[in-house]
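# Breakdown of the fold
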Amino acid sequence: MQPTAKVSDYCDVFLALTEQRDQRALNQLLIKTCLDLFPLHHFWLYNYANFDQSTEKLIASSESSDEFSSPLAIPEQIQHIEPHQPSRFIREEGYRYYSFKILHSQNGVLISNIEDTTDLMHDVITKLVSVYANQRFFMFSAMNDALTGLYNRQAFDQQMDTLLLKQQSQRRKHDKSSEHHCFALLDIDHFKQVNDNFGHLFGDEVLLILSQQMQNAFRDEDLMFRYGGEEFALVLKDISLDSALNVLERFRTQIAQTSFPQIGQVTLSIGITEITEGLSLPALIDRADQALYFAKEHGRNQVHSYETLLNSGYLTPPSEHEGDIELF
């Protein structure tokens, strides 16, 4: 690196980050850029939440080492970042921590094993983190719910259309790698009473904690959405219906055993269905919603599948042209 180099000399590198529209690609590009600029070092990128320090998640790394694969103890100095303070930097025990805020409930930290560095290296990494954090914020604002950080309804339509088209294409080609997915709707029982009795601030906290529980319980490749109000949508990828039912039953039990601040117990009703070939998105939603409605009408705090209810005679068989349903 030339002694006369300046941060402005890296504009093309910063610009490349702003051109990314895919979250995983953005994560990997930040790590790759750090490695290109500062070889022979290692970098780790984490997500974590302010209110629950047990939720650190490694989302990108410069190596396959499992050095930081277990939950990381974020140094106290950077655990909490206020909205008016978008980033922090500390050096501790041979590592450098660049912590930044994405949303009020979503933070990130880039860790490097650079012990000593020039002012330029430090300034470049700080700027990279700042550009990365800004890009993540813009991506979150467009496609993610501001409160929970999960995908929003706009992202739901795009992601589901893409998923259904890909699945149909694979099956037309008789692709043996074609995956079987399941779609579920999750609804918080008696959520209106939470808002009425405790106020919307505590209602928002319930939504926030539930969304974090979802992100911890389900896999990175699964799709999680805030579908509307207290209702969430979930795609469990490459899984049988029976296995998906077991996964959701465990999650329902986990939430029922969670103590929510001031409120105590909160329960979920869940409806699930298979994503089958030729099924339109409105028809898919309708099937999961029928199973959800059945759970609500028969005691709440339950998981039901559309297929089981249909085979048991609790639901009416679909019409011949169900897959052609359109919503206007």
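Looking at where Gln 215 falls in the secondary structure, it is placed in helix α6 (residues 200-217). Once you skip the residues sitting within four places of it in the chain, Gln 215 turns out to touch Lys 57, Gln 106, Thr 148, Leu 150 and Met 224.

Further remarks concern the packing of aromatic side chains. A complete count under the given rule lists nine aromatic pairs for this structure. Judged by centre distance (5.5 Å) and plane angle (80°), the rings of Phe 100 and Tyr 132 are edge-to-face. Taken as a pair, Phe 100 in strand β4 (residues 95-103) and Tyr 132 in helix α3 (residues 119-143) lie far apart in primary sequence, 32 residues in all. Residues Phe 100 and Tyr 132 agree in their burial class; the two are buried. For the ring pair Phe 156 and Tyr 227, a centre distance of 5.1 Å and an interplane angle of 70° mean the geometry is edge-to-face. Here Phe 156 is found in helix α4 (residues 153-172), whereas its partner Tyr 227 is found in strand β7 (residues 223-228), with 71 residues between them in sequence. Using a relative accessible area of 0% as the deciding quantity, one classes Phe 156 as buried. Note that Arg 153 overlies the ring of Tyr 227, its terminal NZ or CZ placed 4.1 Å from the centroid.

This next bit is on unusual backbone geometry. Even without being a glycine, His 190 presents a positive backbone phi close to 55°. On the secondary structure map, His 190 appears in the loop between β6 (182-188) and α5 (191-198). At Asp 238, a residue that is not glycine, the phi angle is positive and equals roughly 50°.

What counts as what
Residues numbered from 1 in each chain as written. Predicted model: local features only at pLDDT ≥ 70, side-chain atom pairs only at ≥ 80, totals over all residues. Heavy atoms only, no water. Helix = DSSP H or I, 4+ residues; strand = E, 2+ residues; numbered from the N terminus. Contact = heavy atoms within 4.5 Å. Phe/Tyr/Trp six-rings, centres within 6.5 Å; stacked < 30°, edge-to-face > 60°. Buried < 20%, exposed > 50% of the residue type's maximum accessible area, 1.4 Å probe, protein only. Lys NZ or Arg CZ within 6 Å of the ring centre and 35° of its normal.

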